[in-house]
There are 2 protein chains.
Amino acid sequence: MNKGILYGVGVGPGDPELLTLKAVRILKEADIIAVPDKGAGEQTALTIVKDYIEGKERVNCAAPMTRDPVRLEESYQANADRLCALLDQGKNVAFITLGDPTVYSTYMYTHKKVLERGYTARLIPGVPSFCAVAARLNTSLCEGSDRLLVVPASYEHLEESLDVRANKVLMKAGKSIGELQEALRRRGELDRASLVENCGMENERVYQRFAGMEEKTGYFSVVLVKDGGQA
Amino acid sequence: MNKGILYGVGVGPGDPELLTLKAVRILKEADIIAVPDKGAGEQTALTIVKDYIEGKERVNCAAPMTRDPVRLEESYQANADRLCALLDQGKNVAFITLGDPTVYSTYMYTHKKVLERGYTARLIPGVPSFCAVAARLNTSLCEGSDRLLVVPASYEHLEESLDVRANKVLMKAGKSIGELQEALRRRGELDRASLVENCGMENERVYQRFAGMEEKTGYFSVVLVKDGGQA
């Protein structure tokens with residue numbers, strides 16, 4: 001029997017209409033849908049694709065919210081074990097992941113393990129959250145000779161990142177939002193910053209001016225800071 | 001009569017299956033399709049959407065391949081004149097643009113002019129070329145605490161861009177490909193670089209190792225350079 005294929009399917013940032021035609025086809029054709037499970041019942045990716053996977057078998061794959069490398073490695077090996085057993089049965093599996101699978105998705109760790117074991121695994125691109133955020137703000141991410149720097153949630157070396165001459169996207173601002181707001185204020189850059197939380201989802205909030213934001217925001221916040229053009 | 005709405009529709013990087021459901025809906029609902037015209041008959045965006053716009057009225061909008069600011073300004077004003085006249089007639093216009101409209105699209109200049117004149121203009125996100133390129137290479141753009149720097153074709157300050165500690169996407173490498181290859185060789189980074197030309201199109205070429213590339217490449221080349229982790 002031919003082995004199945006694993007597809008890492010980017011489902012876009014939240015709005016189900018931002019699924020690509022290819023993602024929809026792969027989801028419809030797949031035998032099994034693999035769903036990242038952060039353990040708190042939060043399955044945003046599943047909500048996005050629900051219209052296309054009715055009646056299909058699902059497997060939950062651990063995506064623990066930890067930085068403990070031992071626990072993460074165990075999770076990804078367990079995911080690979082489980083998925084490879086399905087591929088051995090000739091099943092095609094679509095693993096859904098928010099945004100684009102090549103941009104900070106934890107899916108990639110499982111993808112690499114499955115590839116290393118000699119199976120076929122492919123990536124299906126999706127719209128990354130920062131493109132949807134810029135569209136929502138009705139502005140560009142980068143024009144002409146602008147550079148664009150995308151910085152992950154962890155914000156290690158935040159000041160160093162802010163020093164780079166580029167428009168900046170700060171992903172999953174969530175917990176670090178206060179720190180970021182303070183750093184931008186100190187640098188006089190707060191007026192060039194905007195924020196969108198839960199872009200394209202029911203609980204979306206848009207701040208054209210980050211300076212005007214008082215509340216704490218959730219995990220799915222993206223901050224866009226336009227370069228001021230200083231040397 | 002209500003005025004029409006202008007939609008800047010990202011049609012993705014080349015593969016028609018990477019259109020989003022929303023892009024397809026907007027194209028089908030639009031009264032008129034505006035097509036960027038680079039003057040050499042090159043209308044890649046039109047090829048991508050051809051199945052969804054049969055029989056619809058089209059307008060060509062100049063997108064001249066020049067850096068002359070006077071000519072560019074004239075072109076964008078002329079586009080805005082033309083589009084606003086259609087919006088005044090209550091027509092909804094879908095302006096198609098490759099990739100995502102917020103990432104280096106010349107459409108944005110026309111978009112801003114139409115907004116400035118008090119019309120409604122919206123952006124419909126698309127899959128940017130660099131996400132499709134990473135998927136084609138079966139690798140991530142960024143993981144964990146990686147940063148991602150996107151650098152435009154012009155390559156002003158190329159060395160400074162390469163100095164930034166980040167994974168790098170070099171867009172539309174085309175004409176500057178030799179210069180870039182030489183700079184990466186000098187820095188000992190050529191082995192971490194890959195290149196995809198015309199990703200998802202008929203004439204696609206993939207170089208997992210940029211070092212192995214001898215030929216000159218076309219305009220739609222994207223180079224991905226992974227960070228080596230040096231301080």
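Coordinates for the structure precede this section.
Residues numbered from 1 in each chain as written. Chains lettered and ligands numbered in written order. Predicted model: local features only at pLDDT ≥ 70, side-chain atom pairs only at ≥ 80, totals over all residues. Heavy atoms only, no water.

## A look at the pairing of strand β8 (residues 193-197) of chain B
In regular strands, side chains alternate between the two faces of the sheet. All names here are of chain B. Filter applied, for reference: The classification of residues rests on relative accessible area computed with a 1.4 Å probe and restricted to protein chains. Under 20% of the type maximum is buried, over 50% is exposed, and intermediate values are partly exposed. Secondary structure is summarised from DSSP: a helix means a run of H or I of at least four residues, a strand means a run of E of at least two, and numbering begins at the N terminus for each. A pair of strands is considered paired only if DSSP assigns at least 2 bridges between the two.
Extensive coverage of β8 is indicated by the burial of five of its five residues. Direction of pairing for β8 relative to strand β9 (residues 205-207): antiparallel, over a ladder of three bridges. Each residue of the ladder has a partner; that of glutamate 197, found in β9, is arginine 205.

## Focus on the interface of chain A and chain B
Note the cut-off: Contacts are assigned to residue pairs that have any heavy atoms within 4.5 Å of one another. Here the quantity called buried area is the total loss of accessible area, with a 1.4 Å probe, experienced by two parts when brought into contact, counted for both. Here, a salt bridge means any Lys or Arg side-chain nitrogen found within 4 Å of an Asp or Glu carboxyl oxygen. Residues are grouped as follows: Ala, Val, Leu, Ile, Met, Phe, Trp, Tyr, Cys and Pro are nonpolar; Asp, Glu, Lys and Arg are charged; every other residue, Gly included, is polar.
If you look at the interface, chain A gives 54 residues, while chain B gives 54 residues. Summing both sides of the interface, chain A and chain B together bury roughly 4200 Å²; the carbon and sulfur share of this comes to 58%. When the buried surface of chain A facing chain B is broken down by residue, A:Glu17, A:Leu21 and A:Arg147 rank first, second and third, together holding 17% of it. Our count for the chain A to chain B interface comes out at eight salt bridges. For A:Arg25, the salt bridge goes to B:Glu17, with nearest N and O atoms at 2.6 Å. Listed by contribution, the elements that provide at least two residues to the side of chain A that touches chain B are α1 (21-29), α4 (107-116), β5 (120-124), α5 (129-136), β6 (148-151) and α6 (158-163) of chain A. Per-class residue counts for the side of chain A that touches chain B are 30 nonpolar, twelve polar and twelve charged. Of the pairings in the sheet, the one linking β6(A) to strand β6 (residues 148-151) of chain B comprises three bridges and is antiparallel in character. Following the sheet pairing, A:Leu149 is matched in β6(B) by B:Leu149.

## Notes on the sheet that holds strand β2 (residues 32-37) of chain B
All names here are of chain B. This is how it is decided: Here an axis means a line fitted to C-alpha atoms, over the contact stretch when the element is a helix, while the angle between two N-to-C directions is reported on a 0 to 180 degree scale.
The five strands are arranged β3-β2-β4-β1-β5 in an open sheet whose pairing can be described as parallel. Here the strands that pair on one side only, and so sit at the sheet edges, are β3 (57-62) and β5 (120-124). Ignoring strand direction, the axes of neighbouring strands in this sheet form an average angle of 25°. Sheet topology places β2 next to strand β4 (residues 93-97); three bridges connect them, and they run parallel. The partner of isoleucine 32 across the bridge, within β4, is valine 93. Strands in contact with helix α3 (residues 69-88) are β1 (5-10), β2, β3 and β4; relative to β3, the strand with the most contacts, it is inclined by about 155°.

## Concerning the relation of the copies chain A and chain B
Two copies of a chain can be linked by a rotation about an axis combined with a shift along that same axis. The following threshold applies: When the copies are superposed, the least-squares fit takes in the C-alpha atoms of residues with a pLDDT of at least 70 in both.
Rotating chain A by 180° and moving it 0.0 Å along the rotation axis overlays it on chain B with an RMSD of 0.0 Å. Those values place the two copies in the arrangement expected of a two-fold rotation axis. A high fraction, 100%, of the interface residues of chain A reappear at the interface in chain B, so the copies pair face to face through one surface.

## Comments concerning α1(A)
Every α-helix winds through 3.6 residues per turn, so residues three or four apart in the chain are directed the same way. The condition that has to hold: To obtain the arc, one takes the directions from the helix axis to the C-beta atoms.
Among the residues of α1(A), those classed as buried are A:Ala23, A:Val24, A:Ile26 and A:Leu27. Projected down its long axis, α1(A) shows its buried positions confined to an angular sector of 165°, all on one face.

## Here we look at the packing of α3(B) against helix α4 (residues 107-116) of chain B
All names here are of chain B. What counts, and what does not: Between 65 and 115 degrees an angle is taken as roughly perpendicular, under 35 as roughly parallel, over 145 as roughly antiparallel, and anywhere else as oblique. Put simply, a crossing is left-handed when the front helix is turned counterclockwise from the back one by less than a right angle, and right-handed when it is turned clockwise.
With their axes 9 Å apart at the nearest point, α3 and α4 run at an angle of 55° to one another. On the basis of the axis angle, α3 is oblique to α4. Judged by the sense of rotation from one axis to the other, the crossing of α3 with α4 is right-handed. The segment α3 lies against α4, with Glu73, Tyr76, Gln77, Asn79, Ala80, Leu83, Cys84 and Leu87 engaging Tyr109, Thr110, Lys113 and Val114.

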